[in-house]
Amino acid sequence: MRTDDTAVAVRDGRIVRVGSDADVLELRGRATRVLNASGGLIHPGFVDAHIHAASAGAERLSLDLTPATTVDETLDLIRAAARESDAEWLTGGGWSHDLFPLPTRHQLDAIEPDRPIVLIDAGHHTLWVNSRALEIAGVDRHTADPHNGVICRDDDGDPVGYLNETATELVGRFVPPASTEEIHAGILNAQDYLWSLGVTGWHEAILGDYNSQADCTPGYVRAIADGTLRSDVSGALWIPPGLTAPDVPKLVARFAELRRRNAAAGFATSTAKAMIDGVPHGGTAALLEPYCTHSHDGSTGELHFTEDAVRAFITQLDAAGFALHLHVMGDRGIRVALDAIEEARATNGTGPRHHIAHLSMVHPQDARRFGPLGVTANIQGLWAAPDAFAAIMIGEERMLQGYPFRTMADAGADLAMGSDWPVSSADPWLAIHVTVNRWSPEPIPESSGERAGFVDTLDAEHQSLTLTQALGAYTSGSTSLVLGRPGRVQVGERADLAVATTDPFGLEPSAIATVRNAATVVRGELVFVRE
C-alpha cells in the first residue's frame, strides 16, 4: 500500500520509524547517515521469486555472451575467450536464439577445433557445442535422441552441434563441474549485481545436480557461514525429470534430510522444484491442442513425468511440508499440475503455499483455479510481451491468451514475481514495465527484422496488472512466498529497502522502463548507491 510518508529511519538492521522528513530526522545522531531520496520512491527491496543466481554469477565470471546484440559480437566474444583462457574446456553461455536460430559446430570449429567448446543458450534449455565436444561425448549419427531431447542433425544425419532439452546431458555430463569456490564466487558476483538493481533477496530455483551442472548448495552454505551472503535467500530442491511414482517416498525422505541439514546451516530449503514440461519455443511444452508448425505436425509436446508420478510427488511432498515450485509453460501441463494440487489438498488439507512459474499458456478456466486452490502465480513479467516466434509455434490467438495475470488476480490468486535470470534480465523495473504495458521496451535483435511492427498489431492489454499490483508482487508478494516474512516498509520489519530514481506513480505507464534503482539497503546497511 502506498502512503504519504516520505522518510524511513533504520537502526540495528530494523525499521524504527516511518513518517515525514521532520519526524524521521528527529532521530538523527552524530553517526547517522542520511540518504536523500530526491523524490524517488522508497519501497521494500525487490525479492526475486525465481532465479538462478549462482549459475548467472558464474557465467558473468566466465564466457558471458549476454551482452552481444549481433552474430559478429557473439563470435568475437568466443574468439577472445578462446585466446585468453587456457581451461581444458571452454564453457559459457547466454547466446540468443534470435541471433542463432540453429547454430552449428562448424562455426565453433572455425574458432577452436582442438579444444571442446560448450555454450548454453540464454534460456538454458539448449547447448551449442563444437565437433571436439561431440567427439569426447561419443555423440554421432548413430546416437539416438534421448526421451524429451533432440539432437539436431544435418541432411546426412550427423549432429550439427545443437542439442535441445535432455540431449544437452549427452555432452554436459563430460564437462568438468564447477568447484565450490567457483560457485561461491558466482553467488557473490550475482549478489553485487542484484543489489545494483534493488534486489535484496531471492529464491534459488534449482538446488541439486541439474543439466550436468554442479549443485550450488555448498556454495550457498559456505557464503552463509563466512558472512559474505548478506541478502536473504531460500532455495528449491530439484526433482529430476522422469521420477517414477514408486521412487517418490525415497525422494521425500532424502529431501527431508537435506532440509534439516541445510536449515542447520542457516539455509532455508523447504521448497521442491520440478519442471512439469518444457518450453513452447522448442515444441516441448505440453499443450491441450497441437503445435502449429509443420515440423511439429500433430504434436502436443510431452510431460517430463507421468501424471501418476506428478500426483504422487505433489501429494507426498505437500504432506511432508514442502512447497512445490513448478515450472509449467503449456496449458496441458498447467491443468495436470493444478489437478494434482487439488488432489493433494483433498488428501492432506491446507498445506504449504505452492507456486507455478512462467504461465506462458493457461486455459482461461484454469487461470481462475489458482485463487481457490491457494496456488501463487510466480510471474516472469518480462516474458509477457507479444512474441512473434511463439505465435509461429502455437498461433497468434493462443500466444495472446498467454500470461493471463489479470484473470488470475481477479479470481483471487496471490502474485509473486521473479526474473528467471540469467534466462532473461534481472532488472525488476523492466519486468514491471512489461507486466503493466504488455509490450517490451527492449530493442529487437538485428536478425529479427521480420518482427518490425508486430507489436503494433497485437493487443494483450486486458491481461495487464496495475503498477501497484506489479510492484507489490515483486516485493511483498515474493517476500511472503519464498522468505516467509512480510516485505513492507513498517516499523519493526527488517530493513531491506530500495530507492527508485523517481516516483513511478508520477509517470505515464509507458515510461516505467526509464526507472532505475538509485540505492539499496540490506539489513539496514547501504550496499549500493548509484553514482
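Here's a quick rundown of the structure. (Residues numbered from 1 in each chain as written. Predicted model: local features only at pLDDT ≥ 70, side-chain atom pairs only at ≥ 80, totals over all residues. Heavy atoms only, no water.)

1. Topic: the layout of surface pockets
Over the atoms rolls a probe the size of a water molecule, and in doing so it shows where empty space is left.
Next, step 1: A volume near 1700 Å³ is recorded for the second largest pocket.
Next, step 2: Lining the second largest pocket are 48 residues, with Ala7, Val8, Ile42, Val489 and Leu497 positioned closest to its centre.
Next, step 3: Taken together, the residues of the lining of the second largest pocket sort by class into 23 nonpolar, 15 polar and 10 charged. (1 Å grid on protein atoms, 1.4 Å probe; cavity = no way out; pocket = protein on both sides within 12 Å on 5 of 7 lines; lining within 4 Å. Points joined across faces, edges and corners; volume = space filled by probe spheres on them. Nonpolar A, V, L, I, M, F, W, Y, C, P; charged D, E, K, R; others polar.)

2. So, the environment of Leu338
Next, step 1: Inspection of the secondary structure assignment puts Leu338 in helix 11 (residues 331-348).
Next, step 2: Here Leu338 falls in the buried class, since its relative accessible area comes to 0%.
Next, step 3: Each C-alpha atom, one on Leu338 and one on Gly472, is 24 Å from the other, the two residues being 134 residues apart in sequence.
Next, step 4: Discounting chain neighbours no more than four positions away, the residues touching Leu338 are Ile356, Asp366, Arg369, Phe370, Leu373 and Val375. (Helix = DSSP H or I, 4+ residues; strand = E, 2+ residues; numbered from the N terminus. Buried < 20%, exposed > 50% of the residue type's maximum accessible area, 1.4 Å probe, protein only. Contact = heavy atoms within 4.5 Å.)

3. Here's the deal with the pairing of strand 16 (residues 376-379)
Next, step 1: Of the two faces of strand 16, the one lined by Thr376 and Asn378 and the one lined by Ala377 and Ile379 are each fully buried.
Next, step 2: In this structure, strand 15 (residues 355-358) lies alongside strand 16, joined through 3 bridges in parallel fashion. Each residue of the ladder has a partner; that of His355, found in strand 16, is Thr376.
Next, step 3: As paired elements, strand 16 and strand 17 (residues 415-417) share 3 bridges and run parallel to each other. Residue pairing across strands places Ile379 opposite Met417, the latter belonging to strand 17. (Pairing = 2+ DSSP bridges.)

4. Some details on the pattern of salt bridges
Next, step 1: Following the criterion strictly, the structure yields 25 salt bridges and no others.
Next, step 2: One salt bridge connects Arg153 with Asp145, and the closest N-O pair in it is separated by 3.1 Å.
Next, step 3: Taking the relative accessible area as the measure of exposure, Arg153 reaches 30% and is therefore partly exposed. (Salt bridge = Lys/Arg side-chain N within 4 Å of Asp/Glu carboxyl O.)

5. Side note on the environment of Gly92
Next, step 1: Its location among the elements puts Gly92 in strand 6 (residues 90-95).
Next, step 2: Through-space distance from the C-alpha of Gly92 to that of Thr3 is 45 Å; in sequence the pair is 89 residues apart.

6. Re a negative patch on the surface
Next, step 1: A contiguous patch of negative charge on the surface is contributed by Asp4, Asp5, Asp21 and Asp23.
Next, step 2: Here Asp21 is to be found in helix 1 (residues 21-25). (Patch = residues over 30% accessible without salt bridge, like charges linked within 9 Å, V, L, I, M, F, W, Y side chains within 5 Å. Areas by Shrake-Rupley, 256 points an atom, 1.4 Å probe, with all protein chains shown as cover. Lys, Arg positive; Asp, Glu negative; His and termini not counted. Charge placed at Lys NZ, Arg CZ, Asp CG, Glu CD.)

7. Things to note about the sheet that holds strand 18 (residues 497-500)
Next, step 1: Strand order across the open sheet formed by 4 strands is 3-18-19-20, with antiparallel pairing between neighbours. With one partner strand each, in any of the chains shown, strand 3 (42-44) and strand 20 (525-529) form the two edges of the open sheet. When the angles between neighbouring strand axes are averaged without regard to direction, this sheet yields 25 degrees.
Next, step 2: Relative to strand 19 (residues 517-522), strand 18 runs antiparallel, the two sharing 4 bridges. Counted as the bridge partner of Val499 is Ala519 from strand 19.
Next, step 3: Against the sheet, helix 7 (residues 180-196) contacts strand 19 and strand 20, and its axis sits at roughly 125 degrees relative to strand 19. (Axes fitted to C-alpha atoms, helices over the stretch in contact; angles between N-to-C directions.)

8. Regarding empty space enclosed by the protein
Next, step 1: For the structure shown, the criterion picks out 3 cavities of 30 Å³ or more.
Next, step 2: What the largest cavity holds in volume is close to 160 Å³.
Next, step 3: Forming the walls of the largest cavity are 18 residues, and the residues nearest its centre are Ser360, Asp387, Ala390, Met399 and Tyr403.
Next, step 4: Secondary-structure elements contributing two or more residues to the lining of the largest cavity are helix 14 (388-394) and helix 15 (396-400).

9. Some remarks on the state of the cysteines
Next, step 1: Using the criterion set out here, one finds 0 disulfides in the structure.
Next, step 2: Considering cysteine sulfurs only, Cys292 is the nearest to Cys152, which forms no disulfide, with 20 Å between them.
Next, step 3: Assessed through its relative accessible area of 17%, Cys152 is described here as buried.
Next, step 4: The exposure class of Cys292 is partly exposed, given its relative accessible area of 43%. (Disulfide = S-S within 2.5 Å.)

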